[in-house]
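Listed here are the chains, written in short residue letters.
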Amino acid sequence: MDLKSNHTAPVLTDQSTLGVHNSLLQYSPRGAAFSSNLLLTIPRKKTGVLDDIRSSGWLDAMMSSSPPHKKINKDIQNELPLADADFAYRSWLLKYPSALTSFEKITNFAKGKRIALFLDYDGTLSPIVDDPDCAFMSNNMRLSVKKVARYFPTAIISGRSRDKVYEFVGLTELYYAGSHGMDIIGPVTKSACVAHSNSIRSTDKQGKEVTLFQPASEFLPMIEEVYDSLVESTKDIEGAKVENNKFCVSVHYRNVDEKSWMTVAQRVHDVIKEFPRLRLTHGRKVLEVRPMIDWDKGKAVLFVLESLGLSNSDDVLPIYVGDDRTDEDAFKVLRERKSGYGIIVSSAPKESNAYYSLRDPSEVMEFLNSLVMWKKSSGL
Ligand SMILES: O=P(O)(O)OC[C@H]1O[C@H](O[C@H]2O[C@H](CO)[C@@H](O)[C@H](O)[C@H]2O)[C@H](O)[C@@H](O)[C@@H]1O
């Protein structure tokens, strides 16, 4: 990869919200009707590091950060018996209808429009597994993504490093955005050049000319440093794993005994307090450390649409499918634009900015296959 640019990062402007350091702010749902654990609190007082961690809601967020994927007899988030959990899920479906049962409605709306597809990776195209290095997507899923990309421009928008997610997906016909959209590779088009002054021409692994956009490139040395510090400071916590996602770092605690989650939070807090230009967000059993810039998956979606010449257009229908809190930024952008649909992938009720839902990656695959069938049969 040929990288020459020295970009200036778009600066996050809401750092002083409620006078709280941004690293202590996290995704706050619109109002958790089903799971009160999802209501995250903002620290009222800061008398010490441990107080910060307890009162900031880090632990609450860590507890509620992912539905269980192994235990099937209980909804651990609410400790509801199966029948109640099922009832809660069915009630939730009234607010976020299944994209499969609403398929006709979606395609009716898509008539005469060009669909642009955005897919998150972990938990959307591949099931959540204990070892992040083994989150492989199935061959059937790969085939479905390949087919759908023949008909609709398709981009993967992941928190992973772009190289890693490409390694997992392995399809050259897609656009890729890694590090929560802070590392985007797309086609060389006229609109890509004007899409953002920070875009540069580069070459991909196949030697093809591409447009590269890395709004946080100035943070690379800092991310390397924080990665090394996090590895060092968590090395004695059994099960903790630190992943370098190039422009952000993930600290996984899925395999850490729950009794030590506080220690994980404490160590991460201790490290990032030395880096005031970094912030922390919560994912599924993962703490994500990233640059404090005004860029997220939502901005990445707009960037890709613009690069492809598909923005500002009434005849484009963007669809974004994702399962995590960081995907909410993209759902929100589509909702605010009043064009396009967010589809949340979840087997448990949770508040979202999405319009529709799918239960798990197997339903995502069914949805992608249905899009292909619809397109073929409509002869459009
Ligand atoms: O935006 P995404 O593509 O969804 O990436 C978000 C994070 O995904 C990965 O972690 C998650 O999936 C792992 C594998 O199933 C799982 O072990 C982990 O608990 C999940 O949080 C990835 O490893 C992270 O770096 C991404 O930030």
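Residues numbered from 1 in each chain as written. Predicted model: local features only at pLDDT ≥ 70, side-chain atom pairs only at ≥ 80, totals over all residues. Heavy atoms only, no water.

> An account of empty space enclosed by the protein is requested, with residue identities and associated values reported.
By the definition in use, this model includes three cavities of 30 Å³ or more. Of the residues in the lining of the largest cavity, the class split is five nonpolar, eight polar and twelve charged. (1 Å grid on protein atoms, 1.4 Å probe; cavity = no way out; pocket = protein on both sides within 12 Å on 5 of 7 lines; lining within 4 Å. Points joined across faces, edges and corners; volume = space filled by probe spheres on them. Nonpolar A, V, L, I, M, F, W, Y, C, P; charged D, E, K, R; others polar.)

> Go over the pattern of salt bridges with me, naming the residues and quoting the values.
For the structure on display, the rule yields 19 salt bridges. Here K241 and D133 are joined by a salt bridge, their closest N and O atoms 2.9 Å apart. Of this pair, K241 sits in strand β9 (residues 241-244) while D133 is found in the loop between β3 (114-119) and α5 (139-151), placing the two residues 108 residues apart along the sequence. The exposure class of K241 is partly exposed, given its relative accessible area of 27%. Look at D133 and you get partly exposed, because its relative accessible area is 31%. A salt bridge links K235 to E232, with the nearest nitrogen and oxygen atoms 2.6 Å apart. Judged by its relative accessible area of 60%, K235 falls in the exposed class. (Salt bridge = Lys/Arg side-chain N within 4 Å of Asp/Glu carboxyl O. Helix = DSSP H or I, 4+ residues; strand = E, 2+ residues; numbered from the N terminus. Buried < 20%, exposed > 50% of the residue type's maximum accessible area, 1.4 Å probe, protein only.)

> Quick rundown of the confidence of the model for the protein? Include the residues and the values.
Averaged over every residue, the pLDDT of the protein is 83; residues scoring 70 or more account for 78%. Throughout residues 1-9 the model reports pLDDT below 50, and contacts reaching past four residues in sequence, or to other chains, amount to 28 contacts. Scored below 50 in pLDDT, residues 11-49 shows 88 contacts in the model against residues more than four places distant or in partner chains. For this predicted complex, the interface score ipTM comes out at 0.99, alongside a pTM of 0.84. (pLDDT = per-residue confidence, 0-100. Contact = heavy atoms within 4.5 Å.)

> So what about the pairing of strand β14 (residues 341-345)? Which residues, and what values?
Extensive coverage of β14 is indicated by the burial of five of its five residues. Side chains of β14 alternate between two faces, with Y341, I343 and V345 and G342 and I344 buried alike. This β-α-β element, strand β13 (residues 316-322) to helix α11 (residues 328-337) to β14, shows right-handed connectivity. Note that β14 and strand β15 (residues 356-358) share three bridges and pair parallel. Pairing of I343 across the sheet is with Y356, part of β15. (Right-handed = clockwise from strand over helix to strand, strands pointing away. Pairing = 2+ DSSP bridges.)

> Describe the site of the ligand, with residues and values.
Taken together, 21 residues are adjacent to the ligand, and V129, E243, R254, R284 and E288 come closest. The side chain of S158 places a nitrogen or oxygen atom 2.7 Å from an oxygen atom of the ligand. Measuring from an oxygen atom of the ligand, one finds a backbone N or O atom of R284 at 2.5 Å. For the ligand, whose free accessible area comes to 570 Å², the fraction covered by protein is 99%. Here the ligand is seated within the largest cavity. When residues of the shell around the ligand are traced back to their parent elements, those giving at least two are β10 (249-252) and β12 (286-291). Across the shell around the ligand, the residue classes tally to seven nonpolar, five polar and nine charged. (Near = heavy atom within 4 Å. Polar contact = N/O pair within 3.5 Å; in protein donor to acceptor, adjacent residues only side chain to side chain. Areas by Shrake-Rupley, 256 points an atom, 1.4 Å probe, with all protein chains shown as cover. Sits in = over half its atoms within 2 Å of the grid points.)

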